[in-house]
Amino acid sequence: EHNSAPGAYYLASQYEALNQAKNAIRLFEKSGRFNHAVRLARANGMDGELSKLAVQSTQRVMLDTARYLEEKKMFEHAVNLYQKGGQSSKALEICFEAKLFDALRAIADDLGSDTDPALLSKVGDFFMSHAQYDKAVNLYITCQKVKEAMDLCEKHKVTMTEPMAEKITDQLPEKDASGSDFRIQILKRIADLCVQQQNYHLATKKYTQAGMKDKAMDALLKSGDTEKIIFFAGVLRSKEIYVRAANYLQTLNWHTDPEIMKKIIDFYTKAKAYQQLAMFYDACSQVEIDEYRDYEKALGALKESKKYMLKADKDTSELDRRINMVEEFVRARSIAKSDTQEFLKICYQLLDQPKVDAAVQVGDVFALLIEFYYSEENYEQAYQLIEKMRHRRIVLGPYLDQGMVDTIHRHMGISTATNDDSVEESIDEDI
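Residues numbered from 1 in each chain as written. Predicted model: local features only at pLDDT ≥ 70, side-chain atom pairs only at ≥ 80, totals over all residues. Heavy atoms only, no water.

**Student:** Any chance you could break down the overall build of the protein chain for me, citing the residues and the numbers?
**Tutor:** A tally of helices and strands in the protein chain yields 26 helices and zero strands. Rg of the C-alpha trace for the protein chain: 41 Å, well past the compact-globule value of 22 Å for 431 residues, more than 25% over. Taken over 431 residues, the protein chain has a buried fraction of 42%. For the protein chain, the share of sequence-separated contacts (at least 6 apart) that also reach a separation of at least 24 residues comes to 45%. As displayed, the protein chain offers around 23300 Å² of accessible surface, 48% of which is attributable to carbon and sulfur atoms. Treating the 58 positive side-chain charges of the protein chain as one cloud and the 68 negative ones as another, the clouds have centres 10 Å apart. (Helix = DSSP H or I, 4+ residues; strand = E, 2+ residues; numbered from the N terminus. Rg over C-alpha atoms; globule rule 2.2 N^0.38 Å. Buried < 20%, exposed > 50% of the residue type's maximum accessible area, 1.4 Å probe, protein only. Contact = heavy atoms within 4.5 Å. Areas by Shrake-Rupley, 256 points an atom, 1.4 Å probe, with all protein chains shown as cover. Lys, Arg positive; Asp, Glu negative; His and termini not counted. Charge placed at Lys NZ, Arg CZ, Asp CG, Glu CD.)

**Student:** Residue-level account of the packing of helix α23 (residues 362-375) against helix α25 (residues 402-412), with values.
**Tutor:** Taken N-terminus to C-terminus, the directions of α23 and α25 make an angle of 55°; their axes are 11 Å apart at the nearest point. In terms of orientation, α23 lies oblique with respect to α25. Once α23 is placed against α25, the crossing between them reads as left-handed. Two secondary-structure elements touch here, α23 through I370, E371 and Y374 and α25 through M404, T407 and I408. Classifying every residue of the contact of α23 with α25 gives four nonpolar, one polar and one charged. (Axes fitted to C-alpha atoms, helices over the stretch in contact; angles between N-to-C directions. Parallel < 35°, antiparallel > 145°, perpendicular 65-115°, else oblique. Left-handed = near helix turned anticlockwise from the far one by under 90°. Nonpolar A, V, L, I, M, F, W, Y, C, P; charged D, E, K, R; others polar.)

**Student:** Just give me the short version of the packing of aromatic side chains, but keep the residues and values in it.
**Tutor:** Tallied over the full model, the rule gives 12 aromatic pairs. Grouping aromatic residues by their ring pairs yields a cluster made of W254, Y274, F280, Y281 and Y308. The ring of Y9 carries R33 above its face, with NZ or CZ at 4.2 Å from the centroid. (Phe/Tyr/Trp six-rings, centres within 6.5 Å; stacked < 30°, edge-to-face > 60°. Lys NZ or Arg CZ within 6 Å of the ring centre and 35° of its normal.)

**Student:** For the pattern of salt bridges, give the residues involved together with the corresponding values.
**Tutor:** Considering all chains together, one arrives at 26 salt bridges under this definition. Among the salt bridges present, the one from D151 reaches K147, with a minimum N-O distance of 3.1 Å. Remark: K147 and D151 occur in helix α11 (residues 146-156); sequence separation between them is four residues, near one turn of the helix. One network of salt bridges, in which partners are shared, links K147, D151, E154 and R189. (Salt bridge = Lys/Arg side-chain N within 4 Å of Asp/Glu carboxyl O.)

**Student:** Break down the environment of A118 for me, with residues and values.
**Tutor:** Counting through the fold element by element, A118 comes out in helix α9 (residues 117-129). Assessed through its relative accessible area of 53%, A118 is described here as exposed.

**Student:** Talk me through the layout of surface pockets; I want residue IDs and the actual numbers.
**Tutor:** Of the pockets and cavities examined, the second largest pocket occupies roughly 150 Å³. What lines the second largest pocket is H201, T204, K205, L220, K228, F231, F232, V235 and L236. Elements that contribute at least two residues to the lining of the second largest pocket include exactly α14 (200-209) and α16 (226-236). It is α16 that contributes the most residues to the lining of the second largest pocket, five residues altogether. Across the lining of the second largest pocket, the residue classes tally to five nonpolar, two polar and two charged. (1 Å grid on protein atoms, 1.4 Å probe; cavity = no way out; pocket = protein on both sides within 12 Å on 5 of 7 lines; lining within 4 Å. Points joined across faces, edges and corners; volume = space filled by probe spheres on them.)

Just geometry here; none of it tells us what the structure is for.
Structure follows, in structure tokens:
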């Protein structure tokens, strides 16, 4: 039965006895007796089949066949078998002699530090002469010539990959061993190169291994990887790193992401960066006013800002003035129906305050008054306040409902379009 290995071997032997070499070789191969297949192929001058058969056989058969094919000047096949048989140096020698440069490039990837140094140098010179600097760098790394590899990377801008960086790192002295200065120097050079090549994550890793936390954070910030920046800051637990991470997070759309807001506050707090934290709460208050018209939340943020300004031993007089104005505005809104006189007094006082815009949107104060007079059907007073808004170049749209504005104008017998046109002409003249 030739479908089984023993059966195939038996039939192969019979075909060999009958001098039917091709059939015999095919069945020896099928039975797994590759040494017999190689022997028979050589005996019958079937050299084209040898490489394919020998590579499936033992190392001894591979190398013996390689020598035979070398003598036959079938160099490509010989090189392949020498390499597969563990004699890469011999394969390289043939590559140079026969000018098999494509094969040489493939073999170079498998070279080890046990390869003849003179041969390695010769391969390196070949890559250099053909401007294949990445191959030369990998060869230097294999030969444990770290400095030469780095020199070549920097001079010819060879891309530093993670496998290359790790191979170099593995060859460096241990952190606390003699030669640790050399270790730091090389790690920094790898990281610097990665920054130039915009491989910021690998740069961060190497700066960290070199003990250069600030530079590691520099690289990570350039990557813009928010998740890793937060993680990195949490792992290092350094005051400076906390502050830099928080500063970066403030460049994001933090006011729509509660988790980012929490991290900013958390990092500044852990760093005891009270002035920065105070400024962040100040920014929060401004967002609450500008984006949401939420003066209650803004007031809370301003009070938090003051608390941390005091911790930072900073003057709070200007902040106190702003807190006072926001408190007054919040109180005015709360008593508009219950204490009309006090409500009106507060609003008009706010409008007369210098630099009121530093605390309260003037348009919001006007809007509160106009809505009050509108609800009281005091259209004349409401109209006068609208005119004052226009006089101050305050755009009505963000503060007043257009339907309310139209109703006020209609009761005053004035066209809204006419007033809008006069304002635009006035603005044009100023421009």
